[in-house]
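What follows is each chain in one-letter form.
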Amino acid sequence: MLYSEVASFYSKIESTTKRLEITSILVDMLKRASKDEVGPLAYLTLGKLYPDFVGIEIGLGEKLVERALAKSVGVPLKEVETLYKKTGDLGLVAEQIFKAKAIQQLVQPQPPTVKDVYLTLDKIARSAGGGSQDEKMGWLSGIFGGLTPVGAKYLVRTVMGKLRLGVADMTILDALAEIYAGGDRSLIERAYNLTSDIGQVAESLAESGLEGIKMIKPTPGKPIRPMLAERLKSPEEVLAKLSGKAALEYKYDGERCQAHITHGNVELFSRRLEKITSQFPDVISSIAKHVKASEAIVEGEIVGVDPNTGELMPFQLLMHRRRKYGVEEALEEIPTNIFLFDVMYLNGNDLTQVPYVQRRKALESVVDTSGSVKLATRTLVSDLSTFESFFEEAISDGCEGVMAKDISDASVYQAGARGWLWIKYKRDYKSELADTVDLVIVGAFNGRGKRAGTYGALLLAAYDKAKDEFCTVCKLGSGFSDEELFSLPQKLGDARVERKPARVESLLQPDVWFEPKYVIEVKGAEITLSPIHTAAYGRIKEGAGLAIRFPRTTGKWRTDKAPEDATTTDELVEMYQSQLKKIS
Ligand code: AMP
């Protein structure tokens, strides 16, 4: 099929905005292509040469394209440049000068086919760094010869990365379904969801029809389109929807990531299927070490961990630090954990059609959790009170909520689909405590890495009036300037004591104890239940106290307050309850 013929189909596509019409033009166009042209044509029509995850774009610079045009038509470069300045669209310039040329030229060069165009652009794109500009320009001008004016217009737009026909992947899948599957898109879509590669799907259909499509499996190196969750507003609704029982997993607030393992080599893809391998060298090496499989595709959430408190960090903060200091520098300051929650492919076997419970077992069997690769915390629930307390634990451990997962035999991995097999349940707000709280410093943990030589975090407490005790509510490691941080041991030195002071109630064992003396002002995201802090212990819930989530200091030392004037545990209980009212 000649490229110029394709271009006239592109013209038709551009002349309508109706999706059905576009699909039927695509059907006509794809039917005209030979078997080995269907794949390349699918990519070209999307303005690409490869699936997005390959990360190679055509995008040639305008100078190079101008020179190639001038050379192939035999007009002065100046003329091309002047026309471009006037129109602002090099595609239109190409069309114009090709029209003029067609009148003058007596002998037409051999017109390029779709394949000729694809292979040449492929050669140019792959030679990105190497190959001189002159060489690329030469290759490009070689395929311009013999094009119709419309052909030249679309080729120019394509090489500049500006084709934009308004055709989406799904429209091409519709057209393919029309040609090869009597309009039923399901099998074709499945293959696409497993590979994210429209060219492979098109090529396989052209070569061996639906039988070929059924053979398509997940392939390490090709990202699977992620399974998505529905959302419900209450634990009751979630349980009812999942027939009364479900697996509940922590819903981590991080970056979703698919790790593809092939014989020791690991690649990472984001939720949007982009390669993010270079952003997380720490995740790569821990996956290589701790996932015991020769070939696998696993999925999880990357989360930053505060090395001083061991607590999970809001993802924004992790990314902010990485942008500010660079990946390598930030690694020590904020290491990451990856919490794996699924496995879609393992040692040659497609697990996407296997129920959740078996996939989880398979995942557990290959992950060694002694390092920074962890499994998503989970439990099985069939009653509301277990659901609610697991949810509270998730929140107090720094998560956004829970992900409820269907555990029936039908619970396959639905690549690329949002469905009721996974249901997210999270608090409806991302708040900031309206008020600051004033807390008493009762202990400290020694710093590591960049904080070696000072404290990594302080242990803070609220005052319990009834007991006349100081009960812990959080570990504070954020909000200090470097200078302040390194002055802490000296500043707090006079309050340091050898043993836990009698009036301090703590389940945690810090490296250093302080007698209640210094009061510091703190902001936090919200108040949560926590099994490790003692403030208002057992008052809201058995076995749990109250904690402040994501605490950071405002930098204000409340020297005007005695420790007994600090925020009380009664106040924390009130704050917790008014928070609940806001949610419901
Ligand atoms: P949302 O982004 O709010 O629509 O929630 C869905 C996202 O939660 C997924 O795309 C994952 O990135 C994330 N997530 C966190 N923990 C889990 C988990 N245990 N299972 C599935 N997804 C999870």
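All residue numbers refer to positions counted from 1 along the written sequence of the respective chain. Residue-level local features of this predicted model are given only where pLDDT is at least 70; pairs of side-chain atoms are given and counted only at 80 or more, and the full residue set underlies all totals for whole chains, interfaces and linings. Side-chain measures were taken over the full set of non-hydrogen atoms in the model, leaving aside hydrogen atoms and water.

Enquirer: Is there a simple way to think about the pairing of strand β2 (residues 246-251) in this case?
Expert: Remark: a regular strand shows side chains that alternate across the two faces of the sheet. In this scheme, a residue with accessible area under 20% of its type's maximum is buried, one over 50% is exposed, and one in between is partly exposed, where area comes from a 1.4 Å probe on protein chains only. Secondary structure is summarised from DSSP: a helix means a run of H or I of at least four residues, a strand means a run of E of at least two, and numbering begins at the N terminus for each. Among the six residues that make up β2, six are buried, leaving the element largely enclosed by the rest of the structure. The pairing of β2 with strand β9 (residues 378-381) spans four bridges and is classified as antiparallel. Within the sheet, the bridge partner assigned to L248 lies in β9 and is T379. Here β2 pairs with strand β10 (residues 401-405) via five bridges, running antiparallel. In the sheet register, A247 faces β10, and the bridge partner there is K405. Between any two strands, at least two bridges found by DSSP are needed for them to pair.

Enquirer: What should I look at first to understand the packing of helix α7 (residues 114-126) against helix α8 (residues 133-144) in this one?
Expert: Between two packed helices, what matters for the description is the angle formed by their axes and the separation of those axes. All axes are obtained by fitting lines to C-alpha atoms, using only the stretch in contact for helices, and the reported angles, taken between N-to-C directions, cover 0 to 180 degrees. Where α7 contacts α8, the two axes come as close as 10 Å, and the packing angle between them is 170°. One finds that α7 runs roughly antiparallel with respect to α8. In this structure, α7 uses D116, V117, T120, L121, K123 and I124 to contact α8, whose residues at the interface are K136, W139, L140 and I143. Amino acid classes used here: Ala, Val, Leu, Ile, Met, Phe, Trp, Tyr, Cys and Pro are nonpolar; Asp, Glu, Lys and Arg are charged; the rest, including Gly, are polar. Class assignment for the residues of the contact of α7 with α8 results in six nonpolar, one polar and three charged. The cut-offs work like this: below 35 degrees is roughly parallel, past 145 is roughly antiparallel, 65 to 115 is roughly perpendicular, and the gaps in between are oblique. Contacts are assigned to residue pairs that have any heavy atoms within 4.5 Å of one another.

Enquirer: Explain the packing of aromatic side chains to me, please; I cannot follow it from the model alone.
Expert: Each pair of aromatic rings is reported with the distance of its centres and the angle of its planes. Pairing of aromatic rings covers Phe, Tyr and Trp, the last through its six-membered ring, and needs centres within 6.5 Å; plane angles under 30 degrees mean stacked, over 60 mean edge-to-face, and all others mean tilted. Under the defined criterion, the tally for this structure stands at 14 aromatic pairs. Seen in terms of ring centroids, F387 and Y425 are 5.9 Å apart; in terms of plane orientation they differ by 70°. Their pairing is edge-to-face. With F387 in helix α18 (residues 384-396) and Y425 in strand β11 (residues 418-426), this pair connects stretches of sequence that are 38 residues apart. Owing to a relative accessible area of 1%, F387 belongs among the buried residues under this scheme. We classify Y425 as buried; its relative accessible area is 14%. Seen from their ring centres, Y518 and W557 are 6.1 Å apart, and the 90° between their planes marks the pair as edge-to-face. With Y518 in the loop between β17 (512-514) and β18 (519-523) and W557 in strand β21 (residues 552-557), this residue pair connects regions lying 39 residues apart in the sequence. For Y518, a relative accessible area of 19% puts it in the buried group. Given a relative accessible area of 14%, W557 falls into the buried group. Of the aromatic side chains, those joined through ring pairs into one cluster are Y250, Y252, F339 and F390. When the ring centre of W420 is taken as origin, the NZ or CZ atom of K241, which lies over that ring, is 4.4 Å away. Note on geometry: a ring has a charge over it if NZ (lysine) or CZ (arginine) is within 6 Å of the ring centre and within 35 degrees of the ring normal.

Enquirer: How should I be thinking about the site of the ligand in this particular structure?
Expert: Being near a molecule or strand, for a residue, comes down to having at least one heavy atom within 4 Å of it. Around the ligand there are 13 residues in total, and E249, E301, K405, K424 and K426 lie nearest to it. A 3.5 Å cut-off defines polar contacts: any pair of N or O atoms within that distance qualifies, except that in protein one atom must be a possible hydrogen donor and the other a possible acceptor, and neighbouring residues in sequence count only when both atoms are side-chain atoms. Here a nitrogen atom of the ligand sits 2.8 Å away from a polar atom, N or O, in the side chain of E249. Areas reported here follow the Shrake-Rupley algorithm with a probe of radius 1.4 Å; residue values treat only the protein chains shown as occluding. Across the complex, the protein chains shield 87% of the 500 Å² of accessible surface that the ligand would expose by itself. If you list the elements that add at least two residues to the shell around the ligand, you get β2, β10 and β11.

Enquirer: Sorry, what's going on with the sheet that holds strand β1 (residues 228-231) here?
Expert: Sheet architecture is open: five strands sit in the order β1-β11-β10-β2-β9, paired in mixed fashion. Two strands lie at the open edges of the sheet, namely β1 and β9, each paired on one side alone. Going across the sheet, the axis of each strand differs from the next one's by a mean of 35°, ignoring polarity. Judged from the four bridges that link them, β1 and β11 form a sheet pairing that is parallel. Residue pairing across strands places E230 opposite I423, the latter belonging to β11. The sheet contacts of α18 involve β2, β9, β10 and β11, and relative to β10 the element is tilted by about 135°.

Enquirer: Looking at this structure, how should I read the environment of R256?
Expert: Looking at where R256 falls in the secondary structure, it is placed in strand β3 (residues 255-262). What R256 contacts, discounting residues up to four positions off in sequence, is P226, M227, L228, F269, S270, R271, E299, G300, E301, F341, Y413 and W422. In this structure the side chain of R256 is engaged in a polar contact, spanning 2.9 Å, whose partner is the backbone oxygen of M227. A polar atom in the side chain of R256 sits 2.8 Å from the side chain of E299.

Enquirer: Honestly, the domain arrangement of the protein in this entry has me stumped. Any pointers?
Expert: How big an interface is tends to be reported as the loss of accessible area on association of its parts. An automatic or database domain assignment supplies the residue ranges for each domain. What the domain assignment reports for the protein is domain 1 (3-159), domain 2 (169-214), domain 3 (228-428) and domain 4 (437-583). The centre of domain 2, based on its C-alpha atoms, is set 30 Å off from the matching centre of domain 3. Across the contact, four residues belong to domain 2 and six residues belong to domain 3. Buried area, as used here, totals the accessible surface that two parts lose on assembly, with accessibility defined by a 1.4 Å probe and the loss added over both. Summing both sides of the interface, domain 2 and domain 3 together bury roughly 350 Å²; the carbon and sulfur share of this comes to 52%. Counting the surface domain 2 buries against domain 3, the share from its top three residues, R190, N193 and L194, is 81%. We define a salt bridge as a side-chain nitrogen of Lys or Arg found within 4 Å of a carboxyl oxygen belonging to Asp or Glu. Our enumeration of links across domain 2 and domain 3 arrives at one salt bridge.

Enquirer: How do you make sense of the nonpolar core when you look at a structure like this?
Expert: For soluble globular proteins, the rule of thumb is that nonpolar side chains tend to be buried together. Here the nonpolar core consists of buried residues drawn from Ala, Val, Leu, Ile, Met, Phe, Trp, Tyr and Cys, with membership extended through side-chain atoms lying within 4.5 Å. In this structure, Y10, L121 and L140 are the most contacted members of the largest nonpolar core, which totals 75 residues. Three or more residues apiece are contributed to this core by two domains, here domain 1 (3-159) and domain 2 (169-214). Those residues within four positions of Y10 in sequence are excluded, and the remaining contacts are Y3, M29, L41, L44, T45, Y154, L163 and L165. Listed in part, the 38 residues of the second largest apolar core include V238, Y250, L312 and I423.

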